[in-house]
Amino acid sequence: MRILVVGKGGREHALVRALAESPEPPELFCFPGSDAIFELAQPVPASGLESLLEWMPSHAIDLCIAGEESYLVTGEGLANGCAKAGIPCWGPPKESAQLEASKEFAKGFLLRNGIPTARATACGTFDEALATIADEYPTVLKFDGLAAGKGVAVCPDAASAREFLEEVLVRRRFGAGRVLVEQCLTGPEVSVFAAIVDETYLIFTPARDYKRIGDGDCGPNTGGMGAVASRQLVSPETLSRIETEIVQPTVAGLCREGLPYRGFLYFGIMLTPSGPQVIEYNCRFGDPECQAVMPLVRGDLAGFCLAGAQGQLRRDLLAFDDGWSVCVILASAGYPNSAHSGERIAGLGTAGSARIYHAGTRQTAAGDWETHGGRVLAVVASAVTRAEAVAQAHAAADLIHFEGLQRRRDIGILHFT
Ligand code: AMP
Ligand code: GLY
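Residues numbered from 1 in each chain as written. Chains lettered and ligands numbered in written order. Predicted model: local features only at pLDDT ≥ 70, side-chain atom pairs only at ≥ 80, totals over all residues. Heavy atoms only, no water.

Chemist: Any chance you could explain the sheet that holds strand β6 (residues 120-123) here in plain terms?
Modeler: Paired through backbone hydrogen bonds, the strands of a sheet run either parallel or antiparallel to each other. With antiparallel pairing, the four strands of this open sheet are ordered in space as β6-β9-β7-β8. Where the open sheet ends on each side, the last strands, each with one partner, are β6 and β8 (152-155). With strand direction ignored, the average angle separating the axes of adjacent strands in the sheet is 20°. Strand direction decides the pairing type here: strand β7 (residues 139-143) and β8, joined by four bridges, are antiparallel. Bridging across to β8, Leu141 finds its partner in Ala153. Relative to the sheet, helix α6 (residues 103-112) contacts β6, β7, β8 and β9 (179-183), its axis offset from that of β9 by approximately 45°. (Pairing = 2+ DSSP bridges. Helix = DSSP H or I, 4+ residues; strand = E, 2+ residues; numbered from the N terminus. Axes fitted to C-alpha atoms, helices over the stretch in contact; angles between N-to-C directions. Contact = heavy atoms within 4.5 Å.)

Next comes the structure, spelled out in structure tokens:
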């Protein structure tokens, strides 16, 4: 089987590794990929979506897997293009990927389908948004479109709300688009992933990411400084509520509204005092949650994704370990405001049983690895207990060094239930 994975980060490195470990290892390709991914998957000589869609049929690709979201909604859409070329795609078409690309679309979908979520009003101007907030703080403001993780602000007061609205609705930092003024919810967050095949689904191991840069959840938001994954992250009662109140009505809603879906769907959920509520959908796996979840997945991921893309949910092909997995991110100096590239990375060969996924690295002509981006590496360990997984992941991370390395020491330790 010849599989093409689309993306270039730590999530895609983890996906490619998991696919390579399938019982009948597929021939792997990756676009745009990275030097580390190219140790397992061949690079594709494409320059963008259009040339990628031309390349696939002439190179007998059997399955395309969408790692990152952007190509799903670029141009004609990755899955739409694959469908035209007759190539099965694990990832939804453009019209369904609006669940991630437009927060207004997602909110409408949630409300129409009676799925618990925060109240929200879409506003087109600064004055309209301020009037809608009506001095009720904290408030949550969300730009409607894709904004590389920078489109959401939880504002404690009028000054921070004005600053965000000014930037987004007056200076148009992210271009045209409205802002959702949303009720602020409270409670621990959990990321739930389902593989969806038309009207059927399979829920993967739940995870939680650590979004802020500093220990104790302090400092600015990042793309994620670590993650923990385990079935035990949420109680069986809560997981069952998430399934019946959120996952099932989402899958039924997609079918009812004629939104085709074959691929991973990420439910960003807040466990509020009145029950689980959806704060966002993403039409892909999470990053860095994927790096934490994949080591717990057993079986034939390649066969599972191919069958899914062809319309068959093969639950029998996968199983999930009961234990815990902890993922520690090593970031470069300056992250999340900037990234420092070109620092030599030492200690990569010494991780023992931990897995190392590359997010932002580059290999020099001499074969050394150096930093190449904000988030550099993910160090992941899994074990029967959370304490063991924490100890192993942090011990393995201790062995890796580069100038300016930033990392949280409380990943997997700071724990919310
Ligand atoms: P999003 O990009 O929608 O995932 O939002 C980023 C982060 O903002 C989430 O992970 C939450 O921590 C926070 N957030 C989003 N919506 C809400 C809400 N309604 N209430 C409180 N926090 C929120
Ligand atoms: N970890 C958050 C995300 O993948 O969007």
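After presenting the structure, the write-up continues.
Chemist: Where do I start with the packing of helix α7 (residues 126-133) against helix α8 (residues 158-170) in this structure?
Modeler: A pair of packed helices is captured by two measures, namely the crossing angle of their axes and the spacing between those axes. Put simply, α7 and α8 touch, their axes get as near as 10 Å, and they point 150° apart. At the point where α7 passes α8, the crossing takes the right-handed sense. Every residue of α8 that contacts α7 at Phe126, Ala129, Leu130 and Ile133 is listed here: Ala161, Arg162, Leu165, Glu166, Leu169 and Val170. (Left-handed = near helix turned anticlockwise from the far one by under 90°.)

Chemist: Looking at this structure, I do not really get the site of ligand 2. What am I missing?
Modeler: In the region of ligand 2, the neighbouring residues are Asp209, Tyr266, Asn282, Arg284, Gly286, Asp287, Pro288 and Glu289. One nitrogen or oxygen atom from the side chain of Arg284 is found 2.9 Å from an oxygen atom belonging to ligand 2. The contact in question runs from a nitrogen atom of ligand 2 to an N or O atom on the side chain of Glu289, over 2.7 Å. Surface burial for ligand 2 is 86%, taken as the share of its 200 Å² of free accessible area covered by protein chains. Partitioned by chemical class, the residues of the shell around ligand 2 number two nonpolar, two polar and four charged. (Near = heavy atom within 4 Å. Polar contact = N/O pair within 3.5 Å; in protein donor to acceptor, adjacent residues only side chain to side chain. Areas by Shrake-Rupley, 256 points an atom, 1.4 Å probe, with all protein chains shown as cover. Nonpolar A, V, L, I, M, F, W, Y, C, P; charged D, E, K, R; others polar.)

Chemist: Any chance you could explain the nonpolar core here in plain terms?
Modeler: Within the largest apolar cluster, 76 residues are counted, with the highest numbers of intra-cluster contacts made by Leu4, Leu52, Met56, Cys64, Leu78, Phe267 and Tyr281. Residue contributions to this core peak at six residues, all from helix α9 (residues 236-256). Setting aside residues up to four positions removed in sequence, Tyr281 forms contacts with Leu99, Glu100, Ala106, Phe109, Leu110, Ile115, Thr250, Leu265, Tyr266 and Phe267. Counting residues in each nonpolar core, the second largest holds 46 residues, with Ala14, Ala41, Leu301 and Tyr357 among its members. (Core = buried A, V, L, I, M, F, W, Y, C linked by side-chain atoms within 4.5 Å. Buried < 20%, exposed > 50% of the residue type's maximum accessible area, 1.4 Å probe, protein only.)

Chemist: Explain the sheet that holds strand β3 (residues 42-43) here, please?
Modeler: In spatial order, the strands read β3-β2-β1-β4-β5; together these five strands make up an open sheet with parallel pairing. The open sheet has two edge strands with one neighbour each: β3 and β5 (89-90). By the bridge criterion, six bridges tie strand β1 (residues 2-7) to strand β2 (residues 27-32) in an arrangement that is parallel. Note that in β2 the partner of Val5 across the bridge is Cys30. Contacting β1, β2 and β4 (63-66), helix α1 (residues 10-20) crosses the sheet at an angle of about 165° to β1.

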